[in-house]
Amino acid sequence: MDKIFYKVKLSEIYYVKSDSNYVEVFLEQKKHLVRSTLKNFIDLLPEDKFIQVHRSYIVNINEITSIGDGEVNLTGDRTTPLSANYKDSVFNRVVK
């Protein structure tokens, strides 16, 4: 299988979801599957623009519209889970 490399602007990433040894990178109209762990992938992202909200999810801080009980709402009616382990750090970074 041939590999295809896509150039993606960081501002186009809404969120990233872990799926074992792969991550799904969700953009406005599509998603890309990348062979990487979430830990390795988050190390590639600027920490001032992205935050981990769950053991399996990273979100673009600029796309957050609201934070609810156990969820993070993003632009375009997207929602990711918010785990108790990350709740305080998310509030400290987003609700300054």
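Along each chain, numbering runs from 1 in the same order as the chain's sequence is written. Per-residue local features are limited, in this predicted model, to residues with pLDDT of at least 70; the limit for side-chain atom pairs, both in listing and counting, is 80 or more; totals at the level of whole chains, interfaces and linings are taken over all residues. Excluded from the side-chain calculation are hydrogens and water; included are all heavy atoms of the structure.

**Q** Which parts of the structure should I look at to understand the overall build of the chain?
**A** Per the secondary structure count, the chain includes 2 helices and 8 strands. Numbering of helices and strands starts at the N terminus; helices are DSSP runs of H or I of at least 4 residues and strands are runs of E of at least 2. In sequence order, the secondary structure elements of the chain are arranged as β-β-β-α-β-β-β-β-β-α. What the globule rule says is 2.2 Å times the number of residues to the power 0.38, and the radius of gyration is computed from C-alpha atoms. The C-alpha atoms of the chain give a radius of gyration of 13 Å, which matches the 12 Å a tight globule of 96 residues would have. Considered along the principal axes of its C-alpha atoms, the chain spans approximately 45 × 25 × 20 Å. Exposed residues in this analysis have more than 50% of their type's maximum accessible area, buried residues have under 20%, and partly exposed residues fall in between, with area computed by a 1.4 Å probe over protein chains only. Here the chain, with 96 residues, has 38% of them falling under the buried criterion. Residue contacts are defined here by distance: any two heavy atoms, one from each residue, within 4.5 Å place the two residues in contact. Excluding contacts between residues fewer than 6 apart, the proportion of contacts in the chain whose partners are at least 24 apart in sequence is 37%.

**Q** Which parts of the structure should I look at to understand the environment of Lys39?
**A** Structurally, Lys39 can be placed in helix 1 (residues 38–44). We classify Lys39 as exposed; its relative accessible area is 55%. Each C-alpha atom of the pair Lys39 and Ser18 lies 9.2 Å from the other, and the pair is 21 residues apart in sequence.

**Q** I tried to follow the side chain of Glu24 on my own but got confused; where do I start?
**A** Summarising the element assignment, Glu24 is placed in strand 2 (residues 22–26). The buried category is assigned to Glu24, whose relative accessible area is 12%. A polar contact of 2.8 Å, which involves the side chain of Glu24, links it to the side chain of Lys31. Leave out the neighbours within four places in its chain, and Glu24 touches Tyr15, Val16, Lys17, Asp19, Lys31, His32 and Leu33. N or O atoms within 3.5 Å of each other form a polar contact, as long as, within protein, one can give a hydrogen and the other can take it, and as long as residues adjacent in sequence are counted only when both atoms are side-chain atoms.

**Q** In this structure, what is going on with the sheet that holds strand 5 (residues 57–60)? I would like to understand it.
**A** One key point about sheets: their strands pair by backbone hydrogen bonds, in either a parallel or an antiparallel sense. Strands are treated as partners if at least two bridges between them are detected by DSSP. The sheet built from 5 strands is open, its strands ordered 3-2-1-5-4 with antiparallel pairing. The open sheet has two edge strands, strand 3 (31–35) and strand 4 (50–54), and neither has a second partner. On average, each strand axis in the sheet is tilted by 25° relative to the strand beside it, whichever way the strands run. Examined bridge by bridge, strand 1 (residues 15–19) and strand 2 share 5 bridges and lie antiparallel to one another. From the neighbouring strand, Asp19 faces strand 2, where its bridge partner is Tyr22. Convention adopted: a line fitted to C-alpha atoms gives each axis, helices being fitted over their contacting stretch, and angles between N-to-C directions are expressed from 0 to 180 degrees.

**Q** Would you take a moment to explain the pairing of strand 3 for this structure?
**A** Looking down a regular strand, the side chains alternate between one sheet face and the other. With 5 bridges joining them, strand 2 and strand 3 adopt antiparallel strand pairing. What sits directly across from Val23, in strand 3, is Val34. Where strand 2 folds back on strand 3, the antiparallel hairpin that results is connected by 4 residues.

**Q** Sorry, what's going on with the side chain of Gln52 here?
**A** Structurally, Gln52 can be placed in strand 4. One polar contact links the side chain of Gln52 to the main-chain carbonyl oxygen of Arg55, over a distance of 3.5 Å. Looking at Gln52, its side chain comes within polar contact range of the side chain of Tyr86, at 3.3 Å. Sequence-distant contacts of Gln52, that is, excluding residues within four places in its chain, are made with Leu38, Ile42, Tyr57, Ile58, Tyr86 and Val90.

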